[in-house]
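# Structural overview for review
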Amino acid sequence: MSSVELSDIRKSFGTVEVIAGVDLEIEEGEFVVFVGPSGSGKSTMLRILAGLEDVTSGTVAIGGNDVTYAAPSERGIAMVFQSYALYPHKSVFENIAFNLRLNKVRNAQVQTRVQEAARILKLTELLDRKPSQLSGGQRQRVAIGRAIVRNPEVFLFDEPLSNLDAALRVEMRFEIEKLHREIGATMVYVTHDQVEAMTLADRIVAFDKGRIQQIGTPLELYRNPSNLFVAGFIGSPQMNFLPARVDESGAARVDIEQSRIIDLGEREFGGSTALTLGVRPEALRLGDTGTQVEGALRIEGEILSLEHLGHVSYAHVIHGDAAPLVVQIDANTTQARGDKVTVSAAPRDIHVFDEDGFSVHERKP
Amino acid sequence: MNAGRRHLPWNARFGWAAVWLCLIFAFVFYATPMVWLLLAAFRDEPMLFSSGPFSLGSIEMFRTTWHNLTTYNDFQIGRWALNSAIYTIGGVCLSLIAVLPAGFVLATYDFPFRKPILVLTLVAMITPNTVVALPIFLQMQAFGLNNSYLGMIIATAFFPFGVYLAYIYYATSLPGGLIDSALIDGASRFQVFTRVALPLSKPLIALVAFFSFLANWSNYFLAFVLLTKDELYSLPIGLAVLVSSSGALGNDVASDIPINKPEAIVAALLVIAPVLLLFLISQKYVRSGTLSGAEKG
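About the thresholds
- Residues numbered from 1 in each chain as written.
- Chains lettered and ligands numbered in written order.
- Predicted model: local features only at pLDDT ≥ 70, side-chain atom pairs only at ≥ 80, totals over all residues.
- Heavy atoms only, no water.
- UniProt positions renumbered as here; feature names shortened; annotations may be inferred.
- Helix = DSSP H or I, 4+ residues; strand = E, 2+ residues; numbered from the N terminus.
- Patch = residues over 30% accessible without salt bridge, like charges linked within 9 Å, V, L, I, M, F, W, Y side chains within 5 Å.
- Areas by Shrake-Rupley, 256 points an atom, 1.4 Å probe, with all protein chains shown as cover.
- Salt bridge = Lys/Arg side-chain N within 4 Å of Asp/Glu carboxyl O.
- Buried < 20%, exposed > 50% of the residue type's maximum accessible area, 1.4 Å probe, protein only.
- Pairing = 2+ DSSP bridges.
- Core = buried A, V, L, I, M, F, W, Y, C linked by side-chain atoms within 4.5 Å.
- Domains from an automatic or database assignment.
- Contact = heavy atoms within 4.5 Å.
- Axes fitted to C-alpha atoms, helices over the stretch in contact; angles between N-to-C directions.
- Buried area = accessible area lost by both parts, 1.4 Å probe.
- Polar contact = N/O pair within 3.5 Å; in protein donor to acceptor, adjacent residues only side chain to side chain.
- Parallel < 35°, antiparallel > 145°, perpendicular 65-115°, else oblique.
- Nonpolar A, V, L, I, M, F, W, Y, C, P; charged D, E, K, R; others polar.

Below, the discussion takes up the UniProt feature "domain: ABC transporter" (unreviewed entry) in chain A. Those places that UniProt annotates as "domain: ABC transporter" (unreviewed entry) correspond, in this numbering, to residues 4-234 of chain A. Counted over residues 4-234 of chain A, helix gives 36% and strand 27%. Its end C-alpha atoms are 25 Å apart.

Written out as structure tokens, the structure is:
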């Protein structure tokens, strides 16, 4: 039995369609992350799941029950907001207890359950404080505590870490991951931060333009993006894209001065003649080393700039009028700006996308 | 400081000059009459005519004036002050009960005819009170509520400006996330208002109460239309009637009623005093900051 089931969800605001037919099944206990740029519909989808937004058509089922038109409180969900949304006039204890109070739970039980949530989230010392006396990380923990105490079937997180600084974000990410391991509830998490998506998710759902672009494990999306959007969105720095054409022999020719022919193996281009090649920065090499294979991608260029991140460096290589290629190189590189270099990649590391932006899969060796 | 200002560029000096000019203007035209009124309360009638406009009188003179005013007609003025308090406080309470939920609903929910209702509120807000006085009079007469406390309270509680204030407050100061959060926590729409929005409305309540108090306390025309029995008069009506019947402000020979110019002046202060007092009390609550900690920042 799947914990959450979305069938053909559509949502329009006036004439603007923000969700254009979404089908999704989420297993019980699964951690699913919705990623996408702003305006992709991921947050709207979560709000629909929460019952804070009506659907235009389609059905929402949670735990096997159709809850499409049920009130938020009747869906067995709890939600953590980006803005924390704590009640400023209530203490931390009462913030966490609010749902139990509304449900007229006996005071003794309220005490036990709030204390238990506070223990899990290390909030015990802070129960008497007001939200304004807490730091950002503590406020977010209270918001999570408010969700835990209800013992929900599904946890919904709407960009919960976006307002925290970088160090705290890593820490809270770890805590959310631990929380999922401990209580094992189904979690749906919305973020535009792909690091959060990659590290937290059992499965990632990539949204763009109100549609699901791809569903899969983090590594599936990274290694086999099904279209240009996912290829460009997952991975940082972004995947490099090169325009290419299919020549008569069925091999692809890179559309730059060199007009090199590269061998992409046996792929079905489906009649497309204009292709896009995608290569990740770490798959590109400076120099010909290791890619002396026949039909490898090889481009002559010049280093425009170098970014040293400490453990690794990135070279931005210009070639003709095209956008610079980002190449991951060794941190101890002796290369400098202005060096003439050859950038190369092995055929197996090249992703190919057809005219419509869909991935053209290679026969795996 | 002075040395520093001497080196200010000409446009900054012009700015300073403009600020001082505005302040002097405001003082001369707004503060001076108040100071005069305050000082005049301590002078008797002959002194009002003979001495300079800002000369000091004595406590004795004030006591005599106060005595004349309060003992006249069995402390009738006390009765009017009490009436004014009943009308005003009743009106403030009733308007708060109506205004806060109305503004909340208009600001946070989308329902049919929301926009037209908002526009109507604005129209009602800019309509002068005097225009609706006659319809209100007819309405009250139909219900038999003329010349009654209840009628006067209901009439003064009509406060569209308050609805608009509440609407603006909830639309701008209440984070949408709080409402969503409360709905998920299982609060009904009504509970969202009573348990989340209302406790965060102290500045709004202070503001609405203050303006409502001000409007009701100094409301002359509506009371003039609705009240005909002198034992039901509010302070502004009572004093107007008193002053005109005694001829206190005229230049004719004083009547035998002991209400003359000094008494009229003290009576005017009596009307102003509660408003000043309330302003001092409520401004503390009008300061923002109640919502800090709800969201980021």
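Read on for the rest.
Looking now at a nonpolar patch on the surface. On the surface, a nonpolar cluster with roughly 1100 Å² of combined accessible area is contributed by Trp16(B), Val19(B), Trp20(B), Leu23(B), Ile24(B), Phe25(B), Phe27(B), Val28(B), Phe29(B) and Tyr30(B). As for its placement among the helices and strands, Trp20(B) is situated in helix H2 (residues 10-40).

Residue and element names in this part refer to chain A. Buried residues dominate strand E3 (residues 31-35), accounting for five of its five residues. Burial of E3 is two-sided: the residues Phe-31, Val-33 and Val-35 facing one way and the residues Val-32 and Phe-34 facing the other way are all buried. Where E3 meets strand E8 (residues 186-191), five bridges bridge the pair, whose relative direction is parallel. Following the sheet pairing, Phe-31 is matched in E8 by Met-187. Note that E3 and strand E9 (residues 203-208) share four bridges and pair parallel.

Moving on to the nonpolar core. Counting residues in each nonpolar core, the largest one holds 98 residues, and the members touching the most others are Ile9(A), Phe34(A), Met45(A), Val60(A), Leu156(A) and Tyr170(B). Considering each element in turn, this core owes the most residues, ten residues, to helix H5 (residues 76-108) of chain B. When we break this core down by domain, the ones giving at least three residues each are domain 1 (2-70) and domain 2 (76-287) of chain B. Those residues in contact with Tyr170(B) that sit more than four places away from it in its chain are Leu100(B), Gly103(B), Phe104(B), Ala107(B), Phe193(B), Ala197(B), Leu198(B), Ser201(B) and Leu204(B).

Once that is clear, we can look at the sheet that holds strand E16 (residues 297-308) of chain A. Spatially, E15-E19-E16-E17-E18 (chain A) is the arrangement adopted by the five strands of the open sheet, whose pairing is antiparallel. Every interior strand has two partners, whereas the edge strands, strand E15 (285-286) and strand E18 (325-329) of chain A, have only one.

Our next topic: the sheet that holds strand E7 (residues 154-158) of chain A. All names here are of chain A. The six strands are arranged E6-E7-E8-E3-E9-E10 in an open sheet whose pairing can be described as mixed. Two strands bound the open sheet, and with one partner strand each, they are strand E6 (77-80) and strand E10 (211-216). Sheet twist, expressed as the average angle between the axes of neighbouring strands with direction ignored, equals 20°. Strands in contact with helix H4 (residues 136-148) are E6 and E7; relative to E6, the strand with the most contacts, it is inclined by about 175°.

This brings us to the domain arrangement of chain B. By convention, interface size is frequently given as the accessible area that disappears when the constituent parts associate. Residues and elements named next belong to chain B. On domain assignment, one finds that chain B holds domain 1 (2-70) and domain 2 (76-287). Here domain 1 and domain 2 have C-alpha centroids that lie 30 Å from each other. With 17 residues of domain 1 in contact, the opposing surface of domain 2 contributes 13 residues. Contact between domain 1 and domain 2 buries roughly 1400 Å² in total, counting both sides, with carbon and sulfur atoms accounting for 81%. By the criterion of area lost to domain 2, the three top residues of domain 1 are Leu-37, Glu-45 and Leu-69, representing 39% of everything that side buries. At the junction of domain 1 with domain 2, the criterion picks out zero salt bridges. At the junction of domain 1 with domain 2, the criterion picks out one residue pair in polar contact (both at pLDDT 80 or more). Contributing elements (two or more residues each) for the side of domain 1 that touches domain 2: H2, helix H3 (45-50) and helix H4 (59-71). In terms of residue count, H4 provides more of the side of domain 1 that touches domain 2 than any other element does, six residues in total.

A word on the packing of H5(B) against helix H14 (residues 235-246) of chain B. Residues and elements named next belong to chain B. Orientation of H5 relative to H14, taken along the N-to-C sense of each, is 150°, at an axis distance of 8 Å. In terms of their interaxial angle, H5 and H14 are classed as roughly antiparallel. Judged by residue contacts, Ile-77, Trp-80, Ala-81 and Ser-84 of H5 engage Leu-235, Pro-236, Gly-238, Leu-239 and Leu-242 from H14. Of the residues belonging to the contact of H5 with H14, the class tally is seven nonpolar, two polar and no charged.

Further remarks concern the interface of chain A and chain B. Taken residue by residue, the interface counts 27 residues in chain A and 23 residues in chain B. Taken over both partners, the interface formed by chain A and chain B buries close to 2100 Å², and the fraction arising from carbon and sulfur atoms is 58%. When the buried surface of chain A facing chain B is broken down by residue, Pro88(A), His89(A) and Leu102(A) rank first, second and third, together holding 25% of it. Across the chain A-chain B interface, the total number found is one salt bridge. Close ionic contact of Asp180(B) with Arg47(A) constitutes a salt bridge, the shortest N to O distance being 2.9 Å. Our enumeration of links across chain A and chain B arrives at eight residue pairs in polar contact (both at pLDDT 80 or more). For the side of chain A that touches chain B, the secondary structure elements donating two or more residues are helix H1 (42-50), E6, helix H2 (92-102) and H4 of chain A. If you tally residues by element for the side of chain A that touches chain B, the top one is H2(A), at four residues. Split into classes, the residues belonging to the side of chain A that touches chain B amount to 15 nonpolar, six polar and six charged.

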